[in-house]
Structure formats: C-alpha cells, structure tokens
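# Analysis of the macromolecular model
Here are the chains, one letter per residue:
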Amino acid sequence: VVGRRFFSTARVLTAKISPGMQGHASSTVVGGQNTADYMKSGSLKVFSTPSMVALMEEAACAALAPGLEESETSVGTGVSVSHIAATAVGSTVPATARVSFVKDRSIVFAIDATDSTGIKIGEGTHSRAVVKSVPFMAKLAAKQENNQ
C-alpha cells in the first residue's frame, strides 16, 4: 500500500517483542522544569501530568529497544492515564511500561509511575507503532513541502 511502506510489517514483531517485556525510566523533579506551574498544566509546584506521561513513554521506548532493528523506531499512537496522586519537588519518580499486547506493528503497554515513598501516582495504557525511521521522516518532509 502506497504511503505505508515506512511501517515495519515485513517481519513478525512477536519474535522479538512479546507480552511481559518491561522498560523502566526515572526522573527527579528538580528546579521546577517538571512541575505543573512550569509546564502550564496547572498552578502548583508538583510533578506535572505531561511530565509523568513523557516518563511513561520513555519507559515504553526502553521496553521496545532490544526488539527493534537499527533502521526502526517507535512512535506513540495513544495514551490513556490517570494521575492519581501529587508528587513534591525533589522526589524521584520511576515509571514502568509492560508490553501487554502485540499485533503486527502495534504494541500496547500497561504503564505506571510511583513516587519516592512507593505510592502509585499514575497508571494507564499506552500504545506505540514500530516504523522504519528513514521512510517515516521522508514522508513527513514530503508532507511539509506539500503544505508550503
């Protein structure tokens, strides 16, 4: 199909990416750069929801890294999260992503994050698609050229 060749459908992903694979990421809330007031997602100096989601996506990328070929990467295609507890500036926030479903080039993750005290601060699902990097970026460049 024209326009879809940047997707990695030529090989079976389940051979290298399978349910149960995990990735981890951790961030220290410092200097206000990850706070709701800095990100403009709120007015308080607490860990922001956008920063938590980015951390969860980083964990998902870490889970996929061992299963990707050099010419591949992944792009986020969906996020559904609940931010269920506040986290103070200076706390370390670890996030975990576990592969829960794989079909063709699509991967779904169960994601969560906790605070320094071990309390769960967020949870949800995240989906990503595996793509061929060079064709994906070429298609984007062509799209930009057509819109100028």
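Look a little higher up for the structure.
The numbers attached to residues start from 1 for each chain and follow its sequence in the written order. Given that the model is predicted, a residue must reach a pLDDT of at least 70 before its local features are reported, and side-chain atom pairs must reach 80 or more before they are shown or counted; all residues, however, enter totals for whole chains, interfaces and linings. Side-chain measures were taken over the full set of non-hydrogen atoms in the model, leaving aside hydrogen atoms and water.

## Brief notes about the nonpolar core
Our working rule: Here, the term nonpolar core denotes a set of buried Ala, Val, Leu, Ile, Met, Phe, Trp, Tyr and Cys residues that are joined through side-chain atoms within 4.5 Å. Each residue is placed in one exposure class: buried if its accessible area under a 1.4 Å probe, protein chains only, is under 20% of its type's maximum, exposed if it is over 50%, and partly exposed if it falls in between. For the purposes of this entry, the term helix denotes a DSSP run of H or I that reaches at least four residues, the term strand denotes a run of E that reaches at least two, and both are numbered from the N terminus. Residues are treated as being in contact if the distance between any of their heavy atoms lies within 4.5 Å.
Core analysis: the largest hydrophobic core is formed by 22 residues, its most contacted members being I17, F47, V93, I107, F109 and A113. Breaking this core down by element, the ones donating at least two residues are α2 (49–64), β3 (92–103), β4 (106–114) and β5 (120–132). Here this core gets seven residues from one element, more than from any other, and that element is α2. Each residue touching V93, except ones within four places of it in the same chain, is listed here: A25, S26, S27, V29, F47, L55, T87, A113, T114 and I121.

## Focus: the sheet that holds β4
Note the threshold: Strands qualify as paired when DSSP identifies two bridges or more between them. A fitted line through C-alpha atoms represents every axis, and for helices the fit uses only the stretch in contact; the resulting angles, taken between N-to-C directions, go from 0 to 180 degrees.
In space, the five strands of this open sheet follow the order β1-β3-β4-β5-β2, with antiparallel pairing throughout. The outermost strands of the open sheet, each flanked by one partner alone, are β1 (22–28) and β2 (72–83). Pairs of neighbouring strands in the sheet enclose a mean axial angle of 25°, with direction left out of account. On top of the sheet, α2 reaches β1, β2, β3, β4 and β5; it is set at about 145° to β1, its chief contact.

## Focus on the pattern of salt bridges
Convention followed: We count a salt bridge whenever a side-chain nitrogen from Lys or Arg sits within 4 Å of a carboxyl oxygen from Asp or Glu.
Scanning the entire structure with this criterion turns up five salt bridges. Two residues, E69 and K132, come together in a salt bridge whose shortest N-O distance is 3.6 Å. With a gap of 63 residues between them, E69 in the loop between α2 and β2 and K132 in strand β5 connect regions that are remote in the sequence. A relative accessible area of 30% places E69 in the partly exposed class.

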